[in-house]
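# Structure assessment
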Amino acid sequence: MMDASVEKTGKTIEEARQAALDELGASLEEVKVEIIAEPSKGFFGIIGGHEAKVRVTRIEKSPADIAKDFMKKIFASMDLDVKIEEEKTEDAVCFNLVGENLGVLIGKHGQTLDALQYLVNLAANRSRTEDRVYFILDIEKYRERREETLCHLAARLADKVSRSGDKIVLEPMNRHERKIIHVALQNDKRVRTYSAGEEPFRKVVIEANRPKR
């Protein structure tokens with residue numbers, strides 16, 4: 001892992017600073033620059049002169065800042081003007097994306113939004129082995145509408161399972177949507193739910209509490 005701070009010299013402040021940026025592999029926006037010594041030509045421009053010296057320190061960003069920077073780069077490459085609204089909950093950080101023509105970021109049943117959410121979580125937690133932060137992405141309350149749809153679906157499928165006794169395996173969902181199904185049916189004594197499979201293809205299974213005759 002590269003050092004978070006380096007000291008470099010150069011004929012000018014700019015030259016020393018650039019040498020430090022190159023070694024850190026960082027841009028000027030990602031660092032703090034301290035000038036240790038100004039360049040001096042010395043006596044007659046020869047004797048006693050010294051080069052400029054700077055200390056450049058990488059600014060440690062929070063996972064939320066890393067996530068937002070990651071999204072901004074993606075939106076810029078897609079020529080999308082997106083406002084990012086941040087809200088913290090008990091177990092996650094929610095980003096609500098606001099702008100025009102953002103349907104392209106949702107995709108069928110939210111698949112594109114889920115993929116972007118997965119990449120954001122990956123990028124923001126890449127250097128963290130513990131205290132990982134979970135991010136949820138939403139676009140103008142799409143998740144809220146999707147939650148209502150899933151709750152209605154859960155109730156309808158619970159009725160079907162309780163009548164037939166057959167278990168039903170739903171399509172793959174992210175953990176947030178699986179939790180919606182589990183919570184929606186947790187007090188329904190007719191059925192039980194559990195998750196099966198591996199990410200990103202993990203699915204919710206709904207089974208009757210009574211055995212099939």
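What counts and what doesn't
Residues numbered from 1 in each chain as written. Predicted model: local features only at pLDDT ≥ 70, side-chain atom pairs only at ≥ 80, totals over all residues. Heavy atoms only, no water. Helix = DSSP H or I, 4+ residues; strand = E, 2+ residues; numbered from the N terminus. Rg over C-alpha atoms; globule rule 2.2 N^0.38 Å. Contact = heavy atoms within 4.5 Å. Areas by Shrake-Rupley, 256 points an atom, 1.4 Å probe, with all protein chains shown as cover. Lys, Arg positive; Asp, Glu negative; His and termini not counted. Charge placed at Lys NZ, Arg CZ, Asp CG, Glu CD. Core = buried A, V, L, I, M, F, W, Y, C linked by side-chain atoms within 4.5 Å. Buried < 20%, exposed > 50% of the residue type's maximum accessible area, 1.4 Å probe, protein only. Polar contact = N/O pair within 3.5 Å; in protein donor to acceptor, adjacent residues only side chain to side chain. pLDDT = per-residue confidence, 0-100.

A few words now on the overall build of the protein. Scanning the protein for helices and strands turns up five helices and nine strands. From first element to last, N terminus to C terminus, the protein shows the α and β order β-α-β-β-α-β-β-α-β-α-β-α-β-β. Whereas a compact globule of 213 residues would reach a radius of gyration of roughly 17 Å, the protein reaches 27 Å, over 25% beyond that. Considering only contacts within the protein whose residues lie at least 6 apart along the sequence, 54% involve residues at least 24 apart. Counting only carbon and sulfur atoms, one obtains 51% of the accessible surface of the protein, whose full area is about 14,000 Å². Each charge sign in the protein was given a centre, from 37 positive and 38 negative side chains, and these centres are 8 Å apart.

With that settled, consider the nonpolar core. The biggest cluster of nonpolar side chains holds 21 residues, and the ones touching the most others in it are Met-71, Phe-75, Phe-95, Leu-97 and Phe-135. Of all elements in the fold, only helix H2 (63-77), strand S5 (93-98), helix H3 (111-124) and strand S6 (135-139) reach the threshold of two or more residues within this core. Apart from residues lying up to four places away in sequence, Leu-97 is in contact with Met-71, Phe-75, Val-82, Lys-83, Ile-84, Leu-102, Leu-105, Asp-138, Ile-139 and Glu-140. By size, the runner-up hydrophobic cluster in this structure holds 15 residues, among which are Leu-150, Ile-168, Ile-181 and Val-191.

Moving on to the environment of Asn-209. On the secondary structure map, Asn-209 appears in the segment after strand S9 (203-208). Through-space distance from the C-alpha of Asn-209 to that of Thr-9 is 73 Å; in sequence the pair is 200 residues apart. Apart from the residues within four sequence positions on either side, Asn-209 is in contact with Asp-188, Lys-189, Arg-190, Val-191 and Arg-192. A polar side-chain atom of Asn-209 sits 2.6 Å from the main-chain carbonyl oxygen of Lys-189.

This part takes up the confidence of the model for the protein. When pLDDT is averaged across the protein, the result is 88; 93% of the residues are at 70 or more. When pLDDT is averaged over each element of the protein, strand S7 (residues 168-169) comes out on top at 97 and strand S1 (residues 5-10) at the bottom at 89.

Next up on the list: the environment of Asp-79. As for its position among the elements, Asp-79 is in the loop between H2 and strand S4 (83-88). C-alpha separation for the pair Asp-79 and Val-183, spaced 104 residues apart in sequence, amounts to 38 Å.

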